[in-house]
Amino acid sequence: MQALSTEMRLQGKILSLVPTMGFLHEGHLSLMHRAKAASDILITSIFVNPTQFGPNEDFGAYPRNLERDSALCQSAGVDILFTPEASDLYGDGYQTYISLESLPNHLCGLSRPGHFRGVATVVAKLFHITQPHIAVFGQKDYQQVLIIRRMVQDLDMNVDIIAGPTIREPDGLAKSSRNAYLTDAQRPAARSLHQSLLMSQKMVDSGVVDVKLIVKAACLLIQSFDDTVIDYVSICHSETLEPLETIDGPALMALAVRVGKTRLIDNTILKPDLTE
Ligand code: PAJ
């Protein structure tokens, strides 16, 4: 893969990369369309990265279907599908990881220790192997994009990071490979993540600026459904992820909720009306 990318770069081609863990859906495909439009050669990787899963997480159960994914990649115009094995990326004696100082100490990083260390490491490796000029990530994993942008800046990586918007089901649920775990009975509970974000923006529209009030209302809405356990509901600074007390400018609202055994995340930027 590295030799191929070097060769294509020498030919003057612009390369883009969309890294994924597979079981592709329209969210992934939207990133591919974005990448394709900005490059000559679109590379997609499918790799269920063991180092970003905790010991009690769903690495073994993570849904996989390479045959279906290959067909979807082809229809999305992917030029090269890169599907390494864990032993290719983490050989015997592997011991080098990338950790960030403070961005992982918030939101998902708190309940998934080591997760972003695994993400940063594998993304850096994929960048070195595929050598893209451009890489496209989804805003759905807001903290992930922030961490990757920070890593690229801090380690002088020569890759432009583009973030694509969250693609949703018709009922508002953010598309996710993990939605495959949900039963029909759990759908209303799963939908409550997006509903609570919409309701929070409405509260902001009506002049509520107290973060505690908004978070409380969102938690109540989510908890009104059976089978939900809130991991976090947070309103924080959109760059540093530090918690906020009042909303006096655009703020990130991010949440993670377990619906049965399925952990779902969603986020939005709450925007107060500052015209007065
Ligand atoms: P994965 O969950 O497969 O997601 C791959 C990319 O698709 C990520 O950039 C993610 O933010 C984006 N994505 C997922 N759901 C989306 C949606 N509903 N709308 C738009 N984009 C969406 O994220 C990972 O894999 C891994 O952590 C990875 C970056 C590949 C490193 O292993």
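**Quick word on the pattern of salt bridges**
A complete count under the given rule lists 10 salt bridges for this structure. Its salt-bridge partner being E57, residue R112 comes within 2.6 Å of it at the nearest N-O pair. Of the two residues, R112 is situated in the loop between α5 (107-111) and α6 (115-130) and E57 in the loop between β2 (41-46) and α3 (66-75); the sequence distance between them amounts to 55 residues. Between D58 and R178 there is a salt bridge; the shortest N-O distance is 2.8 Å. With D58 in the loop between β2 and α3 and R178 in the loop between β5 (160-164) and α8 (187-205), this pair connects stretches of sequence that are 120 residues apart. Judged by its relative accessible area of 18%, D58 falls in the buried class.

**Topic: the site of the ligand**
In the region of the ligand, 20 residues are neighbours, and Q52, D141, Q144, I167 and K175 sit closest. G138 has a polar backbone atom sitting 2.9 Å from an oxygen atom of the ligand. Between the ligand and the protein, one listed contact pairs an oxygen atom with a side-chain N or O atom of D141 at 2.6 Å. Protein contacts shield 96% of the accessible area of the ligand, which totals 630 Å² for the unbound molecule. Every element with two or more residues in the shell around the ligand is listed here: β1 (15-20), α2 (26-37), α6 and β4 (134-138).

**Here's the deal with the pairing of β2**
Burial of β2 is extensive: 6 of the 6 residues sit out of reach of the surface. Residues of β2 alternate between two faces, with I41, I43 and S45 on one and L42, T44 and I46 on the opposite face, all of them buried. Strand direction decides the pairing type here: β1 and β2, joined by 6 bridges, are parallel. Residue pairing across strands places S16 opposite L42, the latter belonging to β2. The parallel pair β1 and β2 is bridged by α2, and the resulting crossover is right-handed. Bridge count between β2 and strand β3 (residues 80-82): 3 bridges; the pairing is parallel. What sits directly across from I43, in β3, is I80. Each parallel crossover has a hand, and the one from β2 via α3 to β3 is right-handed.

**Describing the side chain of D69**
Inspection of the secondary structure assignment puts D69 in helix α3. Buried and unpaired, D69 has R68 as its nearest opposite-charge partner, separated by 4.1 Å. In this structure D69 touches G22, F23, L24 and I46, once residues within four positions along its chain are discounted.

**Thoughts on the domain arrangement of the protein chain**
As assigned here, the protein chain comprises domain 1 (2-164) and domain 2 (177-270). Look at where the C-alpha atoms of domain 1 and domain 2 centre, and you get two points 26 Å apart. Between domain 1 and domain 2, the buried area comes to about 1,700 Å², and carbon and sulfur atoms account for 57% of it. On inspection of domain 1 and its partner domain 2, the count reaches 1 salt bridge. Where domain 1 meets domain 2, there are 11 residue pairs in polar contact (both at pLDDT 80 or more). Elements with a contribution of two residues or more to the side of domain 1 that touches domain 2: α5 and α7 (142-154). Grouping the constituent residues of the side of domain 1 that touches domain 2 by class yields 10 nonpolar, 7 polar and 4 charged.

Conventions adopted
Residues numbered from 1 in each chain as written. Predicted model: local features only at pLDDT ≥ 70, side-chain atom pairs only at ≥ 80, totals over all residues. Heavy atoms only, no water. Salt bridge = Lys/Arg side-chain N within 4 Å of Asp/Glu carboxyl O. Helix = DSSP H or I, 4+ residues; strand = E, 2+ residues; numbered from the N terminus. Buried < 20%, exposed > 50% of the residue type's maximum accessible area, 1.4 Å probe, protein only. Near = heavy atom within 4 Å. Polar contact = N/O pair within 3.5 Å; in protein donor to acceptor, adjacent residues only side chain to side chain. Areas by Shrake-Rupley, 256 points an atom, 1.4 Å probe, with all protein chains shown as cover. Pairing = 2+ DSSP bridges. Right-handed = clockwise from strand over helix to strand, strands pointing away. Lys, Arg positive; Asp, Glu negative; His and termini not counted. Contact = heavy atoms within 4.5 Å. Domains from an automatic or database assignment. Buried area = accessible area lost by both parts, 1.4 Å probe. Nonpolar A, V, L, I, M, F, W, Y, C, P; charged D, E, K, R; others polar.

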